[in-house]
Amino acid sequence: EGVARRWQRVYQTGKVCLLLLLPEAQDVVAAAVVEGLGGGRQVLVEGPDLVDALAEALEGEFGVHDAGPLVERLNQDLGGDWDPHRTRWVPLTYGREAFGLVVFELHYPGDADRIADHFEVTARCAAVGLYLMMACQRSEQTAEDLAALLSGPHTEPGPEEAPQQPADLTEAVAEVAAGLAHELNDPLVVISGRAQLLAEGQVDEP
């Protein structure tokens, strides 16, 4: 919501909406909408329709795009009467992963072409911050899960009970290990992405 509010303030746009795909939840989109100059609202939209529309939009090239059919989905799922002639969107990408959109309504649609580069740079910067924040939250959740697992009650099975704990423990540890491996991959993606940006700016091949 803070990103959406700052986007609106800097570019003097109308409504702004951030849409984020949640890796831990299928068929759910997290949305933050700022309509006026005051506060905004955050909602979780469940169901495949908006997820599919978002995923389809993210398959295209990076850049500022016309609203297209996305506006119809926004009006149905989030309300707000988005104007298809004035609404634009730009993807949120981190490394090679696209995970969301910034959708905004321009007061003067001609501005989109004039400052498209500004929109793109701001979206890339916002995406880095949002992605790292989400990764940090996942890491914290993983740490909490591991702490709960290790500090959980260890009860001895009764005479007629099969000892379930070791199997449950193994499964939980495997799940936590998979989560840790995923989090370890995040900084490697950062390194790879920055290396690619540096390489693109070099004119000397070696």
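Right above here is the structure, for reference.
Overview of the structure. (Residues numbered from 1 in each chain as written. Predicted model: local features only at pLDDT ≥ 70, side-chain atom pairs only at ≥ 80, totals over all residues. Heavy atoms only, no water.)

With the rule as written, the count across this model stands at seven aromatic pairs. Ring centres of Y94 and Y131 lie 4.1 Å apart, and the angle between their planes is 15°; this geometry places the pair in the stacked category. Here Y94 is found in strand β5 (residues 87-94), whereas its partner Y131 is found in helix α5 (residues 116-151), with 37 residues between them in sequence. Relative accessible area serves as the criterion here: at 6%, Y131 is assigned to the buried category. Linked through ring pairs, W7, Y11, F104 and F119 together constitute an aromatic cluster. Looking at K15, its charged tip hangs above the ring of W82, at a distance of 5.2 Å from the centre. The ring centre of F62 lies 3.8 Å from the NZ or CZ of R124, which sits over that ring. (Phe/Tyr/Trp six-rings, centres within 6.5 Å; stacked < 30°, edge-to-face > 60°. Helix = DSSP H or I, 4+ residues; strand = E, 2+ residues; numbered from the N terminus. Buried < 20%, exposed > 50% of the residue type's maximum accessible area, 1.4 Å probe, protein only. Lys NZ or Arg CZ within 6 Å of the ring centre and 35° of its normal.)

A word on the sheet that holds strand β3 (residues 40-46). In space, the six strands of this open sheet follow the order β3-β2-β1-β6-β5-β4, with antiparallel pairing throughout. Bordering the open sheet on either side are β3 and β4 (65-66), each of which pairs with just one other strand. Across two bridges, the pairing between β4 and β5 is antiparallel. Paired with H65 across the two strands is W89, which belongs to β5. This element, helix α1 (residues 2-11), spans β1 (16-21), β2 (28-34), β3, β5 and β6 (97-105) of the sheet and lies at about 145° to β1. Contacting β1, β3, β5 and β6, helix α3 (residues 70-77) crosses the sheet at an angle of about 80° to β6. (Pairing = 2+ DSSP bridges. Contact = heavy atoms within 4.5 Å. Axes fitted to C-alpha atoms, helices over the stretch in contact; angles between N-to-C directions.)

For α1, the set of buried residues is A4, W7, Q8 and Y11. Buried residues of α1, seen end-on, are gathered within an arc of 95° and therefore sit on one face of the element. Exposed positions of α1 whose direction lies more than 90 degrees from the buried face are R6, R9 and V10. Among the residues trailing α1, Q12 stands out with phi positive, at a value near 50°. (Arc of directions from axis to C-beta.)

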